[in-house]
Amino acid sequence: MEFKLSERSPGHFAFEYEKDGEKLAEIEWTQRDHVMDMTHTYVSDALRGQGVAKKLLDKAAEYARENQYKMNGICSYVVSAFEKSDAYNDVKA
């Protein structure tokens, strides 16, 4: 599964997964200096239960690490993942 980085507008980004022209999953954020405000995570019903949201979050965290960014959990999925796992402690804002 390959996620594509998309700049939707200045300061508004997402990693997306599309198949046959249909968006099936995404994680969105707004960029504030060196902080990624994680605003939305979406996984279609067709992919639920396959760990896709975690893969999206892992991809965003990898991007944050590569760019020396921090991540601020706003959407409920990211907030919950940050609370449940220490794997993201190095990128938490």
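Let us look at the structure shown here. (Residues numbered from 1 in each chain as written. Predicted model: local features only at pLDDT ≥ 70, side-chain atom pairs only at ≥ 80, totals over all residues. Heavy atoms only, no water.)

Further remarks concern the pattern of salt bridges. Taken as a whole and judged by the stated rule, the model has eleven salt bridges. Two residues, R48 and D45, come together in a salt bridge whose shortest N-O distance is 2.8 Å. Where K59 meets E62, a salt bridge forms, and the shortest distance between an N and an O atom there is 3.8 Å. Of the two residues, K59 and E62 both sit in helix α1 (residues 52–66), three residues apart, roughly one turn of that helix. By relative accessible area, K59 is classed as partly exposed at 27%. For E62, a relative accessible area of 37% puts it in the partly exposed group. (Salt bridge = Lys/Arg side-chain N within 4 Å of Asp/Glu carboxyl O. Helix = DSSP H or I, 4+ residues; strand = E, 2+ residues; numbered from the N terminus. Buried < 20%, exposed > 50% of the residue type's maximum accessible area, 1.4 Å probe, protein only.)

As a further point, take the nonpolar core. One recurring pattern in soluble globular proteins is that nonpolar side chains are buried together. Among the nonpolar cores identified, the biggest contains 28 residues, and F15, I27, M36, M38, L56, L57 and M71 are the most heavily contacted of them. A per-element tally of this core places α1 first, with eight residues. Leaving out residues up to four positions away in the same chain, F15 has contacts with F3, K4, L5, A25, E26, I27, W29, L56, K59, A60 and Y63. (Core = buried A, V, L, I, M, F, W, Y, C linked by side-chain atoms within 4.5 Å. Contact = heavy atoms within 4.5 Å.)

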